[in-house]
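Spelled out, the chains give:
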Amino acid sequence: MNAIRNIVILTGAGISAESGIDTFRGGGGLWEQHRVEDVATPEAFARDPELVLRFYDMRRAAIQEKQPNPAHFALAKLDREWPGDLLIVTQNVDDLHERAGGRRVLHMHGEHLNAWCTACDERSRWTGPLIDRPACPGCGEAALRPDVVWFGEMPYRMEEIYAAMRDAHLFVSIGTSGAVYPAAGFVRDARSLRARTLELNLERSHGSGWFDETRLGPASELVPAWVEEMLAGNAN
Ligand code: OAD
């Protein structure tokens, strides 16, 4: 019998690594190549908007060249076929979950393919550059910024995430180092709400000790295998 009905899945940069998108930490990670304080804070944007816009323009262009990998496709299959509640909370700003067919996806750190107008507060889908200061399609002001949560800013849609966590029987963390809060604290929240907790990652994350179970390996192998287990009703 499968006692699990409602699932919350947290994903991080590790799930997109095999699609060729750099992770943030570790050898060759994005934060080794760029200082967070130079490109990923509101202060950096105020100080040197050109540098920040150029950095995000490059990232926005790069992700559009990448393709979802078997881990994204497996989660999309689970999303389609799982009869209970399911929410994929992603820290990733790429759109690979959606391009694989995922529907119940929440981007807590924003999205590369959105621009946010600081004049009228509207969000627009945006695939091109922002460096040339284009006008906001809503209000016409040249006040667009990347719709990405920077350090010191509040992640998006936290109430929805906690509402899903309260009902979850299983919390699964995939491809995240557990270094950035509040996402890094979800495993403890899930435990205190008596959900089962499972980690799928290349190596042990910072919060690994909090999980009931950890499986180590590449997401492209671990995630499809876990999804098949879930759909076959073999989860415990
Ligand atoms: P990190 O770069 O901190 O961690 C990526 C994790 O994925 C590491 O634990 C790797 O071991 C693991 N990993 C790498 N390749 C993998 C693979 N093929 N399969 C499975 N796991 C793999 O990225 P995040 O934890 O996502 O925030 O980082 C969290 C936040 O920090 C990001 O959303 C971003 C960043 O600063 C903001 O920009 C606000």
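Everything discussed here concerns the structure shown above.
Residues numbered from 1 in each chain as written. Predicted model: local features only at pLDDT ≥ 70, side-chain atom pairs only at ≥ 80, totals over all residues. Heavy atoms only, no water.

## Regarding the side chain of Glu-199
In step 1: In this fold, Glu-199 is placed in strand E8 (residues 196–201).
In step 2: In this structure, Glu-199 is buried with no salt-bridge partner, the nearest side chain bearing the opposite charge being Arg-204 at 4.8 Å.
In step 3: Polar contacts involving the side chain of Glu-199 include one to the side chain of Ser-208, which spans 2.7 Å.
In step 4: Setting aside chain neighbours within four positions, we find Glu-199 in contact with Ser-173, Arg-204, Ser-205, Ser-208, Phe-211, Glu-213, Thr-214 and Arg-215. (Helix = DSSP H or I, 4+ residues; strand = E, 2+ residues; numbered from the N terminus. Buried < 20%, exposed > 50% of the residue type's maximum accessible area, 1.4 Å probe, protein only. Lys, Arg positive; Asp, Glu negative; His and termini not counted. Salt bridge = Lys/Arg side-chain N within 4 Å of Asp/Glu carboxyl O. Polar contact = N/O pair within 3.5 Å; in protein donor to acceptor, adjacent residues only side chain to side chain. Contact = heavy atoms within 4.5 Å.)

## Let's talk about the sheet that holds strand E5 (residues 123–125)
In step 1: Taken together, the 3 strands give an open sheet; going across it, the order is E5-E4-E6, and neighbouring strands pair in antiparallel fashion. Two strands bound the open sheet, and with one partner strand each, they are E5 and strand E6 (144–148). Strand-to-strand twist across the sheet, computed as the mean angle between neighbouring axes with direction ignored, equals 45°.
In step 2: Bridge count between strand E4 (residues 110–117) and E5: 3 bridges; the pairing is antiparallel. Along E5, the bridge assignment pairs Ala-115 with Ser-124.
In step 3: Where helix H5 (residues 49–63) meets the sheet, it contacts E4 and E6, and its direction lies at approximately 135° from that of E4. (Pairing = 2+ DSSP bridges. Axes fitted to C-alpha atoms, helices over the stretch in contact; angles between N-to-C directions.)

## Regarding the site of the ligand
In step 1: Among the 23 residues in the neighbourhood of the ligand, the closest are listed as Ala-13, Phe-24, Arg-25, Thr-176 and Ser-177.
In step 2: Interatomic distance of 2.9 Å between a side-chain N/O atom of Glu-18 and a nitrogen atom of the ligand.
In step 3: A distance of 2.9 Å separates an oxygen atom of the ligand from a polar side-chain atom of Glu-203.
In step 4: At a threshold of 2 Å from the grid points, most atoms of the ligand map onto the largest pocket.
In step 5: Within the shell around the ligand, the residues separate by chemical class into 10 nonpolar, 10 polar and 3 charged. (Near = heavy atom within 4 Å. 1 Å grid on protein atoms, 1.4 Å probe; cavity = no way out; pocket = protein on both sides within 12 Å on 5 of 7 lines; lining within 4 Å. Sits in = over half its atoms within 2 Å of the grid points. Nonpolar A, V, L, I, M, F, W, Y, C, P; charged D, E, K, R; others polar.)

## Side note on the packing of aromatic side chains
In step 1: Scanning the entire structure with this criterion turns up 5 aromatic pairs.
In step 2: With centroids separated by 5.3 Å and ring planes inclined at 50°, the aromatic side chains of Phe-45 and Trp-150 adopt a geometry described as tilted. Linking Phe-45 in helix H4 (residues 42–47) with Trp-150 in the loop between E6 and helix H8 (158–167), this pair joins segments that are 105 residues apart in sequence. Residue Phe-45 shares its accessibility class with Trp-150, and that shared class is buried.
In step 3: Residues Phe-171 and Phe-211 carry aromatic rings whose centres are separated by 6.4 Å and whose planes lie at 20° to one another, so their mutual orientation is stacked. One end of the pair, Phe-171, is in strand E7 (residues 170–174); the other, Phe-211, is in the loop between E8 and strand E9 (213–216), with 40 residues separating them in the sequence.
In step 4: An aromatic cluster of at least three residues, connected via ring pairs, comprises Phe-45, Phe-55, Tyr-56 and Trp-150.
In step 5: Its guanidinium or amino end placed over the ring of Trp-116, Arg-123 lies 4.7 Å from that ring's centre, counting from NZ or CZ.
In step 6: When the ring centre of Trp-150 is taken as origin, the NZ or CZ atom of Arg-145, which lies over that ring, is 3.7 Å away. (Phe/Tyr/Trp six-rings, centres within 6.5 Å; stacked < 30°, edge-to-face > 60°. Lys NZ or Arg CZ within 6 Å of the ring centre and 35° of its normal.)

## Digging into the packing of helix H6 (residues 70–81) against helix H10 (residues 219–232)
Angle between the axes and distance between the axes: these two values describe a pair of packed helices.
In step 1: In the contact formed by H6 and H10, the axes pass within 7 Å of each other and the chain directions differ by 20°. Here H6 lies roughly parallel to H10, going by the angle between them. At the point where H6 passes H10, the crossing takes the left-handed sense. Contact residues: Pro-70, Ala-71, Ala-74, Leu-75, Lys-77, Leu-78 and Glu-81 in H6; Ala-219, Ser-220, Val-223, Pro-224, Trp-226, Val-227, Glu-228, Met-230 and Leu-231 in H10.
In step 2: A breakdown of the residues in the contact of H6 with H10 according to their chemical character gives 12 nonpolar, 1 polar and 3 charged. (Parallel < 35°, antiparallel > 145°, perpendicular 65-115°, else oblique. Left-handed = near helix turned anticlockwise from the far one by under 90°.)

## Observations concerning H5
Because each turn of an α-helix spans 3.6 residues, side chains separated by three or four positions end up pointing in the same direction.
In step 1: With 15 residues, H5 extends 21 Å between its outermost C-alpha atoms, agreeing within 8% with the 21 Å of an ideal straight helix rising 1.5 Å per residue.
In step 2: Within H5 the residues assigned to the buried category are Val-52, Leu-53, Phe-55, Tyr-56, Asp-57, Arg-59, Arg-60 and Ile-63.
In step 3: Looking at the buried positions of H5, the neighbouring elements they touch are helix H2 (30–33), helix H3 (36–39), H4, helix H7 (96–99), E4 and E6. (Expected span 1.5 Å × (residues − 1).)

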